[in-house]
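Coordinate inspection notes
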Amino acid sequence: MHYVASGSLSLGSLGLLRLFGASWSWSLAAGLGVYLGTGGWRYLYVVVRTAKRDINGLYVLLKVKLALWHHIRNRNTIPSIFAQTVARHPDKPALVYEATGETWTFSQLDQISNAVSHWALSQGWTAGDVVALFMESRPLQVALWLGLAKVGVEAALINFNLRWDSLLHCLGVSASRALVFGAELADAVSEVSSSLSESMVRFSTGDLRPDQMAALNCHPLDSILASAPRNPPPCVMSKDRLFYIYTSGTTGLPKAAIVVHSRYYRIAAFGYHSFRMRPDDIIYDCLPLYHSAGNIMGVGQCLIHGITVVVKKKFSASRFWEDCIKHNCTVVQYIGEICRYLLSQPVRPSERQHRVRLAVGNGLRPSVWEAFMERFGVKQIGEFYGATECNCSIANMDGKVGACGFNSRILPNVYPIRLLKVNEETMELVRDKQGLCVPCRPGEPGLLVGRINQEDPLRRFDGYASQDATRKKIAYNVFKKNDSAYLSGVEGKAGMAAIADSTGNFNCNSFLKEVQQALPPYARPIFLRISPCVDTTGTFKIQKTRLQREGYDPRLTTDQIYFLNSRAGRYELVTEELYNAFEKGSISL
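The present account deals with the structure reproduced in this document. Note that the structure is a prediction, hence the values are computed from the model and not measured.

Here we take up the packing of helix H3 (residues 78–88) against helix H10 (residues 261–274). Viewed as axis vectors pointing N to C, H3 and H10 meet at an angle of 50 degrees, and their least axial separation amounts to 9 Å. Here H3 lies oblique to H10, going by the angle between them. Listed contacts from H10 to Ile78, Pro79 and Ile81 of H3 are His261, Tyr264 and Tyr265. For the contact of H3 with H10, the class distribution of residues is five nonpolar, one polar and no charged.

Listed below in structure tokens is the structure:
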């Protein structure tokens, strides 16, 4: 607003001088002087510093938006876009399974997914039905959801770390009619088998003994697909939904985020163009395929842009660079602490003998960023931010160390996202006298939001399978009256659990056993803080600010703080000595 006022004042001065007969040169000089004198020089400084970045960002935005409108106008889906990719590269390797070295060409992936389509039709499933996929990463997982999508059936991609209640919740919230699971997860399925609906038909892939299959009441999918037709299935008018991807569940039970065809394309295309990927790239995808980073940002480059993707069953720090060399990879993916894990490995020759030029992902800390590039010789970091379901994704296109993206100061309304002020006590949005949200100033922390426009494929918010969960992620009267915006929230890694124990009888070992049964590893509290009571506000909301400020420093509280030593399999008391080890980085969190 300040820049607008400066501009208005300078234009007014220009008009006034012209009215009194001043020449154009004097009027322009005076107008510029007024603009600079009232603070407009700051805006010009911003323009000079960010113009190149913003123009590049605008180019990528327009390129993706035009492509999306083209596909929407022609009613293209991810399967139909993939069919065009197959026609261009029928014999090119599409997916390589690192565990076995098995390679599927684009034609083979197409044919196997066709077999999945015919199997789905033989089960009587129709457009809108849901089938849950529960397996470790492998090319078949891609063929399964792709083949289902060809006949309008939606896959629910279940996190293979889930057990018990969380697993049952994910199967239930998606209303899945069937479950396909990997043999490696037979025990997890067995644990919940008695709680599954009898109408939920089960299929297994991988090696299971006949007695195991009988106990789990499942059918052998591998042999079924081997005998299924591989010609294209009959054309089915599919609905807008492609599949479900679940949130991490660190702040509650996982939510089933709806991924529509246009969202899948948007995420993959932004990654491709923002980070200047090439058709001849080979991507090393060591991220789980139940999540958008591995299955859309990674595999999406295969299906849409014809890039070969190497699928790794599970991330291995010790094998990472050897795998990249073996498969001639030029792009790698990371998330969270993967880069730090690689840096903690002993130096070996292979870490500089690869062809990797680009690392794409999110969660790379500034302290690790430059060390990673320098040690491993990776020239470009493609850091981005964006939850699966959000409409406010951002990307670091200019390589600024520590940044996950940007919001243009020159053209802020081209991509209407904002950082908004929140009340640190309640985490509620701060509003002005007109009831609108208050944007943060440069350098201030806040909540990222994106304006919702359901008619724009870049701005739409499709929400979750649960309508209640969807409503909680939408705020109203944000930028202007009667508008709506998506709230990005905090879905990060679990940190500390504060537990009120007035009796002094809390048992860490018993607690850990319960947590291990109920929660996947990433959702288990790293720290426990045992207090006689928990602070609350006058309206009985938990007061978290003091706890957040004090963190896990034992010098700041008389409460007992425990640390989860995952190697030892127990919670240990945090002493001042242990705290100092955390701070020095000699013990990783």
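Read on, since the account is not over.
Extensive coverage of strand S9 (residues 256–260) is indicated by the burial of five of its five residues. Judged by which residues are buried, S9 turns out to be covered on both faces: Ala256, Ile258 and Val260 on one side and Ala257 and Val259 on the other are all buried. Summarising the sheet, strand S8 (residues 241–246) and S9 pair through five bridges and their orientation is antiparallel. Opposite Tyr246, over in S9, you have Ala256 as the bridge partner.

Before going further, it helps to examine the sheet that holds strand S4 (residues 154–157). For sheets, the rule is that strands pair by backbone hydrogen bonds, running either parallel or antiparallel. Across the sheet, seven strands lie side by side as S7-S6-S5-S3-S4-S8-S9; this open sheet has mixed pairing. Taken across any chain shown, the strands that pair with only one partner, and hence form the sheet edges, are strand S7 (218–220) and S9. Sheet twist, expressed as the mean angle between neighbouring strand axes with direction ignored, is 25 degrees. One ladder, built from three bridges, connects strand S6 (residues 201–205) with S7; its direction is parallel. Residue Phe203 lies in a different strand from S7, and its bridge partner there is His219. Strands S8 and S9 of the sheet are contacted by H10, whose axis makes an angle of about 85 degrees with S9.

The rules behind these values
Residues numbered from 1 in each chain as written. Predicted model: local features only at pLDDT ≥ 70, side-chain atom pairs only at ≥ 80, totals over all residues. Heavy atoms only, no water. Axes fitted to C-alpha atoms, helices over the stretch in contact; angles between N-to-C directions. Helix = DSSP H or I, 4+ residues; strand = E, 2+ residues; numbered from the N terminus. Parallel < 35°, antiparallel > 145°, perpendicular 65-115°, else oblique. Contact = heavy atoms within 4.5 Å. Nonpolar A, V, L, I, M, F, W, Y, C, P; charged D, E, K, R; others polar. Buried < 20%, exposed > 50% of the residue type's maximum accessible area, 1.4 Å probe, protein only. Pairing = 2+ DSSP bridges.

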